[in-house]
Amino acid sequence: MKKTLLMTAAALLLVSCAGEKGADYTSFVDTSIGTGGHGHVFVGADVPFGAIQLGPTSIPQVWDWCSGYHESDNSVIGFSHTHLSGTGIGDLFDVTVLPVVKRECTYTREGIADRADKSTEVSMPGFYSISLESGIKAELTATARTGFHRYTFPEWAEARAILVDLENGGCWDKVTDEDLKTTGGTSFNGHRHSSGWADNQKLWFSGEFDKAFLSCTKVADHVYRFEFAPQTRSVMLKLAISPKSTDGAAANMTAELQGWDFETAAKAATAAWNAELSKVEVETADTDAKTIFYTALYHSMIAPSLFCDNGEPARYTTFSLWDTYRAQMPLFSILHSEKENDVIQTFLDIFRKQGKLPVWHLMGCETNCMVGNPGIPVVADAILKGFDGFDAELAFKAMVTSAMRPDRGQEHRIEYGYIPYDLFENESVAYDLEYALADWALAQAARKLGHEQEFEYFNNRSKSYIPHFDSVTGFMRGVDTKGRFREPFNPFYATHRANDYCEGNAWQYTWLVPHDFDGLCECFGGTENLLSKLDSLFIVDSRLDGEDASPDISGLIGQYAHGNEPSHHILYFYTMAGQPWKTADLVRRVLKEMYFVAPDGLSGNEDVGQMSAWYVLSSLGFYQVEPAGGRYFFGSPVFDKATINLEGGKKFTIVAENNSDENRYIQGVTLNGTPLKSAWIDYRDIMAGGELVFSMGSEQTLWY
């Protein structure tokens, strides 16, 4: 996608934009990775964690179009200001803008408005450009809350007009109320309220052109046409959004984007990305690994996205927590620790509004998507890692209240100690195991805060996975109110969200006990038995029985499914079980085979940064297996040297001595010159700064 030979002068200026240290980390990002297959990534212009994701939107088709972009398609219904990245959800695409050259045009959800000439496409962090078959050149950049467009019309154009479409949201989305009013010869404002996955989304906007329009007419339901003078060669548009009001949107634009210097704005957007990407400096001769790393780091910073006006305390949205509590949020706590308190404050605001912590929260709406209580591990992790910019007792209350709500299967755990499948037909195992790990995280936070009674209760309840374990077959299974396992049983059977598991089968869910590895070993009758079963996970047939297996079950090694999040911690169980060389073998294999430089370079959905965060952490050499607490277990570092630039000017340097594909096994580890005898490093040691040195070699050894 990045076509450097075709870059415009403006794009070349962007590439030359360098960070303080003189390196341009954005040049290592390949935004085409994840645009094919099931990657579902956003393509367009934005800034890190910004409210705006301004990019092209294709005609909504099947599941793989839910980000608005797929590398196989060149249809363009316009350039929308909000997009999801890496989800399976067809929502957002708010305020779609399309330049047109015809006096008459058809513009509907089903119709083709234009097509992109992808040979002209330039895409990099903070900037996007494409020429359309109509002859129009589109260039896009953004600030946190404002999209900045520049459209250049061909000389032969019959008309020079800009359509502002308030109808065409995502394929799951329907406008419920909208309005657009002109507020002068160059400006307008309005709102778009919609119902989709976010069932009561409200967004306000304020727009301004750099040239006066001749007229503004409503040409179709929810579609407005701004006509410009026949001699107009180009039109620029600034469009800001707000979750509160048109005045808020206008103020956002004024604060963030003054004047009409497109090149300067684009350079600023790319510089914002460069500043964030430079938080990790990796050294390696493997150029593909470097590209994959910085692309992954880029993808990990698209969300959570701002959901507040400029000048207000920072609040966020787009919380795909069932995915991101596993790796994206633990990475966030290292690289973006200055934002952690604001994220937790956002959670507490949501708790005050809806009476529970977020599950999958989007644009002010709770979708309740996915299983368990994934907000709890994030809050507990912040408490355990020592963040104190929020009311810890309120956070504790929010966790307890969320964990004790008699809904979504919790009522059965409260009564029976587990979720019986005969009372909760679908996904009982998945719900219960996710609730169990959240309870464990809550228990650890309770103990730290001095709530010993709650520690005992929730720590005991975190064992609710045990009734699901069948010692005869060695799998987690659905169990009824009388303690009987569901029959018939086939561990290879999978059907999408209509069995005892969620986007998985018994092979994958048997290992979803990241919080109690010792307890899982006891279920198997000891560590050796667990290791034997774990070995079989990676060598059994990769078949999925059933006619409607979830497409999320992808990236298979045996029955290990790297393309879906419940498997992401499993490789590190070998380190925890005393066989770290097997973790090293598998981590290196996944890093090489499941991530590569191609549109189909992800093994599953990006899932709002989780898939990429797994790569970032694992390639650095460690991963937070437990849902909270900050123990990052060692795997196999890819890079010869990596420096994490921490808040406050501290540096944490990771060195892998004698590192190679063959020398992928850790022989020993030192922290600031002192040998480590544990299989993990603590969050506080990372954040204190210093040097972690891995001695690498070809020998499979137990060094701790």
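Conventions we followed
- Residues numbered from 1 in each chain as written.
- Predicted model: local features only at pLDDT ≥ 70, side-chain atom pairs only at ≥ 80, totals over all residues.
- Heavy atoms only, no water.
- Helix = DSSP H or I, 4+ residues; strand = E, 2+ residues; numbered from the N terminus.
- Rg over C-alpha atoms; globule rule 2.2 N^0.38 Å.
- Buried < 20%, exposed > 50% of the residue type's maximum accessible area, 1.4 Å probe, protein only.
- Contact = heavy atoms within 4.5 Å.
- Areas by Shrake-Rupley, 256 points an atom, 1.4 Å probe, with all protein chains shown as cover.
- Lys, Arg positive; Asp, Glu negative; His and termini not counted.
- Charge placed at Lys NZ, Arg CZ, Asp CG, Glu CD.
- pLDDT = per-residue confidence, 0-100.
- Axes fitted to C-alpha atoms, helices over the stretch in contact; angles between N-to-C directions.
- Parallel < 35°, antiparallel > 145°, perpendicular 65-115°, else oblique.
- Left-handed = near helix turned anticlockwise from the far one by under 90°.
- Nonpolar A, V, L, I, M, F, W, Y, C, P; charged D, E, K, R; others polar.
- Pairing = 2+ DSSP bridges.
- Phe/Tyr/Trp six-rings, centres within 6.5 Å; stacked < 30°, edge-to-face > 60°.

Comments concerning the overall build of the protein chain
Here is step 1 of the chain: For the protein chain, the helix and strand inventory stands at 19 helices and 33 strands.
Here is step 2 of the chain: The C-alpha atoms of the protein chain give a radius of gyration of 25 Å, which matches the 27 Å a tight globule of 704 residues would have.
Here is step 3 of the chain: Here the C-alpha coordinates of the protein chain stretch approximately 80 × 55 × 50 Å along the principal axes.
Here is step 4 of the chain: Taking all 704 residues of the protein chain together, 65% fall into the buried category.
Here is step 5 of the chain: For the protein chain, the share of sequence-separated contacts (at least 6 apart) that also reach a separation of at least 24 residues comes to 69%.
Here is step 6 of the chain: Accessible area of the protein chain: about 23,200 Å², with a carbon and sulfur share of 49%.
Here is step 7 of the chain: Mean positive and mean negative side-chain charge positions of the protein chain (58 and 93 charges, respectively) differ by 3 Å.

What about the confidence of the model for the protein chain?
Here is step 1 of the chain: Mean pLDDT for the protein chain: 94, with 96% of residues reaching 70 or above.
Here is step 2 of the chain: Overall, residues 2-20 carries pLDDT values under 50, and its contacts beyond four positions in sequence, including any with other chains, amount to 43 contacts.

Overview of the packing of helix H7 (residues 337-354) against helix H9 (residues 392-403)
Here is step 1 of the chain: Between H7 and H9, the shortest axis-to-axis distance is 10 Å and the interhelical angle comes to 55 degrees. Judged by the inter-axis angle, H7 sits oblique to H9. Taken as a pair, H7 and H9 cross one another with a handedness that is left-handed. Here H7 contributes Leu 348, Phe 351 and Arg 352 to the contact with H9, which in turn contributes Leu 394, Ala 395, Lys 397, Ala 398 and Thr 401.
Here is step 2 of the chain: A class-by-class count of the residues in the contact of H7 with H9 yields five nonpolar, one polar and two charged.

Re the packing of helix H17 (residues 580-593) against helix H18 (residues 610-620)
Here is step 1 of the chain: Interhelical geometry of H17 versus H18 gives an angle of 130 degrees and a closest axis separation of 11 Å. One element, H17, and the other, H18, form an angle in the oblique class. For the crossing formed where H17 meets H18, the hand is left-handed. Counted together, Val 587, Val 590 and Leu 591 of H17 and Trp 614, Tyr 615, Ser 618 and Ser 619 of H18 form the full contact between these two elements.
Here is step 2 of the chain: Class assignment of the residues belonging to the contact of H17 with H18 gives a composition of five nonpolar, two polar and no charged.

With respect to the sheet that holds strand S1 (residues 55-57)
Strand pairing in a sheet relies on backbone hydrogen bonds, with the paired strands running either antiparallel or parallel.
Here is step 1 of the chain: Strand order in the open sheet made by the six strands is S1-S3-S4-S9-S14-S13, with antiparallel pairing throughout. Either end of the sheet is taken by a strand with one partner, and the two such strands are S1 and strand S13 (215-220). Direction aside, neighbouring strands of the sheet carry axes that sit 30 degrees apart on average.
Here is step 2 of the chain: Examined bridge by bridge, strand S9 (residues 161-165) and strand S14 (residues 223-227) share five bridges and lie antiparallel to one another. Counterpart to Leu 163 in the pairing with S14 is Arg 225.

Some details on the packing of aromatic side chains
Here is step 1 of the chain: Tallied over the full model, the rule gives 42 aromatic pairs.
Here is step 2 of the chain: Between Phe 127 and Phe 262 the ring centres are 6.4 Å apart and the planes differ by 70 degrees, which places this aromatic pair in the edge-to-face class. Linking Phe 127 in strand S6 (residues 127-132) with Phe 262 in helix H3 (residues 262-277), this pair joins segments that are 135 residues apart in sequence.
Here is step 3 of the chain: Taking relative accessible area as the criterion, Phe 127 reaches 0% and is therefore assigned buried.

A few points about the pairing of S6
Here is step 1 of the chain: Among the six residues in S6, five count as buried, and that is most of the element.
Here is step 2 of the chain: Across five bridges, strand S5 (residues 114-124) lies against S6 in antiparallel orientation. In the sheet register, Asp 117 faces S6, and the bridge partner there is Ser 131.
Here is step 3 of the chain: The hairpin formed by S5 and S6 contains two residues between the paired strands, and Gly 126 there has a positive phi angle of roughly 95 degrees.
Here is step 4 of the chain: Inspection of the sheet shows S6 paired to strand S7 (residues 137-142) by four bridges, in the antiparallel sense. Bridge pairing in S7 places Ile 130 opposite Ala 138.
Here is step 5 of the chain: What sits between S6 and S7 in their antiparallel hairpin is a turn of four residues, with Gly 135 showing a positive phi close to 100 degrees.

A look at the sheet that holds strand S33 (residues 690-697)
Here is step 1 of the chain: Read across the sheet, six strands follow the order S16-S28-S29-S33-S30-S31 without closing on themselves; strand pairing throughout is mixed. The sheet terminates laterally at strand S16 (280-283) and strand S31 (674-675), the two strands that pair on one side only.
Here is step 2 of the chain: As paired elements, strand S30 (residues 665-671) and S31 share two bridges and run antiparallel to each other. Residue pairing across strands places Leu 671 opposite Thr 674, the latter belonging to S31.

Details of helix H14 (residues 517-524)
Here is step 1 of the chain: Most of H14 sits inside the fold, with six of its eight residues counted as buried.
Here is step 2 of the chain: Those residues of H14 that fall on the buried side of the exposure criterion are Phe 517, Gly 519, Leu 520, Cys 521, Cys 523 and Phe 524.
Here is step 3 of the chain: Looking at the buried side of H14, the elements it contacts are strand S22 (469-470), strand S23 (475-476), helix H15 (527-537) and helix H16 (573-576).
Here is step 4 of the chain: Trailing H14 by a residue or two, Gly 525 shows a phi angle of about 90 degrees, which is positive.

A word on the pairing of strand S8 (residues 146-152)
Here is step 1 of the chain: By the criterion of burial, S8 is predominantly enclosed, with six of the seven residues buried.
Here is step 2 of the chain: Bridging between S7 and S8 involves six bridges; their strand directions are antiparallel. Within the sheet, the bridge partner assigned to Thr 141 lies in S8 and is Phe 148.
Here is step 3 of the chain: From the end of S7 to the start of S8, which pair antiparallel, there are three residues.
Here is step 4 of the chain: The pairing of S8 with strand S15 (residues 234-242) spans seven bridges and is antiparallel. Within the sheet, the bridge partner assigned to His 149 lies in S15 and is Leu 237.

Re unusual backbone geometry
Here is step 1 of the chain: Residue Ala 303 is joined to Pro 304 through a cis peptide bond whose omega torsion reads 5 degrees.
Here is step 2 of the chain: Tracing the backbone through its elements, the reader meets Pro 304 in the loop between helix H4 (287-299) and strand S17 (305-306).
Here is step 3 of the chain: For the bond from Glu 487 to Pro 488, the omega torsion is -5 degrees, close enough to zero to count as cis.
Here is step 4 of the chain: By secondary structure assignment, the location of Pro 488 is in the loop between S23 and helix H13 (506-509).
Here is step 5 of the chain: Even without a glycine there, the phi angle at Val 95 is positive, about 50 degrees.
Here is step 6 of the chain: Within the secondary structure, Val 95 is located in the loop between strand S3 (78-80) and strand S4 (96-100).

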